[in-house]
Amino acid sequence: MKMLRFRSPSIRSLDQEVLCTIRLLDDSEISCSIQRDTKGQFLLDHVCNHYNLLEKDYFGIRYVDPEKQRAQQPYMMCFRVKFYPHEPMKIKEELTYLLYLQLKRDIYHGRLLCPFAEAAYLGACIIQELGDYDPEEHPSDYIRDFKLFPKQSLKLERKIIEIHKNELGQCASFAELNMLQRAHSLETYGVDPHPCKDFTGSTAFLGFTATGFVVFQGNKRIHLLKNDVSKLKFEGKTFYVIGIQKEKKLVLTFHTSTPAACKHLWKCGVENQAFYGKVAKEVIEASSKIQREPPEVRAMFGQSRSFNSLSHKNLIMNMEPLVPALPSTNEYEEPATDN
């Protein structure tokens, strides 16, 4: 674990310092000492500088107090993808690897839902970290010990092995790019689900993505408003989405657990509208102008590609979910008519 000490420009006494830990996308941690008035942007800049990343706008520092009380030291914060690129192939350098790690976490925690065939292909892309299929190194049940999905049936494991054996045969970096291509077309790509109740009292999950505002019930998307949202507002625990659909005004009403949760939901919506409305275009344009040797982000993680030395932790992202996963009972079951 690496120890860092962060300082703001002004001089502060030691009793103003607090301890915090930043958990990175591979579950490694940086412990640090910061001043009480240090802004979150300072921590984000430091982590991005650590990776030598220029495309910082996609990332954020996340903090959740599970007890909903004033937190005590040491503070735990997480470096995460905040805004998922609408077109992953347009981002540059090793940023794609960090997005890959984020998606791997989303799959493991059930936040990136997908049908059986897609789940098997994504799983095979992850297993490609072990290298090409080799019958001498990979026994018949070689992935059973690797927990990739919240619901991982034997049928799914067999399909993953079949794809890894017969369809991939490529280096891990190409498998990662293929995974990004498949994942970004899924309905829950980039969805940070906010649990709430709709006007009937039924549980719903709200999210904001590059394609617009989405509402899920169970694992089914019931609303998608692309460029139709004209206003977001909140009053107490009630959240309103106002838009236009089929040339008629549409008002969706949802109820959160607390006023603080409602305000946070509104803030997330406003930030997403701002980013995907204008900032994302500027970021992509800036990315296209980057002229330098790409940083070796993979090397910083020190991940081995050999089967014998690859630990479970390299494949399993076991950080606790920050919000409940989108519920589903059969997203990884193969349809009876599918051979």
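Data block above holds the structure.
About the cut-offs
Residues numbered from 1 in each chain as written. Predicted model: local features only at pLDDT ≥ 70, side-chain atom pairs only at ≥ 80, totals over all residues. Heavy atoms only, no water. Buried < 20%, exposed > 50% of the residue type's maximum accessible area, 1.4 Å probe, protein only. Helix = DSSP H or I, 4+ residues; strand = E, 2+ residues; numbered from the N terminus. Pairing = 2+ DSSP bridges. Axes fitted to C-alpha atoms, helices over the stretch in contact; angles between N-to-C directions. Parallel < 35°, antiparallel > 145°, perpendicular 65-115°, else oblique. Left-handed = near helix turned anticlockwise from the far one by under 90°. Contact = heavy atoms within 4.5 Å. Nonpolar A, V, L, I, M, F, W, Y, C, P; charged D, E, K, R; others polar. Phe/Tyr/Trp six-rings, centres within 6.5 Å; stacked < 30°, edge-to-face > 60°. Lys NZ or Arg CZ within 6 Å of the ring centre and 35° of its normal. Core = buried A, V, L, I, M, F, W, Y, C linked by side-chain atoms within 4.5 Å.

Residue alternation in strand β6 (residues 194-197) divides its side chains into a buried set, H194 and C196, and an unburied set, P195 and K197. Relative to strand β7 (residues 203-209), β6 runs antiparallel, the two sharing four bridges. Considered in β7, the bridge of C196 is made with A204. The turn linking β6 back onto β7 is made up of five residues, and G201 within it adopts a positive phi angle of 90°.

What follows concerns the packing of helix α3 (residues 116-127) against helix α5 (residues 172-183). Running from N to C, α3 and α5 point in directions that differ by 155°, and their axes come no closer than 8 Å. Here α5 runs roughly antiparallel to α3, going by the angle between their axes. For the crossing formed where α3 meets α5, the hand is left-handed. Contacts from E118, Y121, L122, C125 and I126 in α3 reach A175, N178, M179, R182 and A183 in α5. In terms of residue class, the contact of α3 with α5 is built from seven nonpolar, one polar and two charged.

In the structure shown here, the tally under the stated rule is 11 aromatic pairs. Ring centres 5.4 Å apart and planes at 80° place the aromatic pair Y84 and Y189 in the edge-to-face group. A residue pair is termed long-range when its members are at least 10 positions apart, and Y84 in the loop between β5 (75-81) and α2 (95-108) and Y189 in the loop between α5 and β6 qualify at 105 residues. Y189 matches Y84 in its accessibility class, with the two residues each being buried. One aromatic cluster is present, built from ring pairs that chain together Y58, F83, F275 and Y276. Taking NZ or CZ as reference, R182 lies 3.8 Å from the ring centre of Y121, over its face. Lying over the aromatic face of Y240, K233 brings its terminal NZ or CZ to 5.2 Å of the ring centre.

To continue, consider the nonpolar core. Judged by nonpolar contacts, the single largest core of 62 residues is most densely connected at F59, F79, L99, L103, L112, I160 and M179. For this core, the element with the highest residue contribution is α3, accounting for nine residues. M179 has contacts with Y100, L103, K104, I107, L122, C125 and I126, leaving out every residue within four places of it along the chain.

The subject of this paragraph is the pairing of strand β2 (residues 17-23). Along β2, six of the seven residues are buried, which leaves the element largely enclosed by surrounding structure. Examined bridge by bridge, β2 and strand β3 (residues 29-35) share seven bridges and lie antiparallel to one another. If you follow V18 over to β3, its bridge partner there is I34. Linking β2 to β3, which pair antiparallel, is a turn of five residues; within it D27 sits at a positive phi near 75°. The sheet contact formed by β2 and β5 spans four bridges and is parallel. Considered in β5, the bridge of T21 is made with M76.

By themselves, these observations are geometric and do not establish any function.
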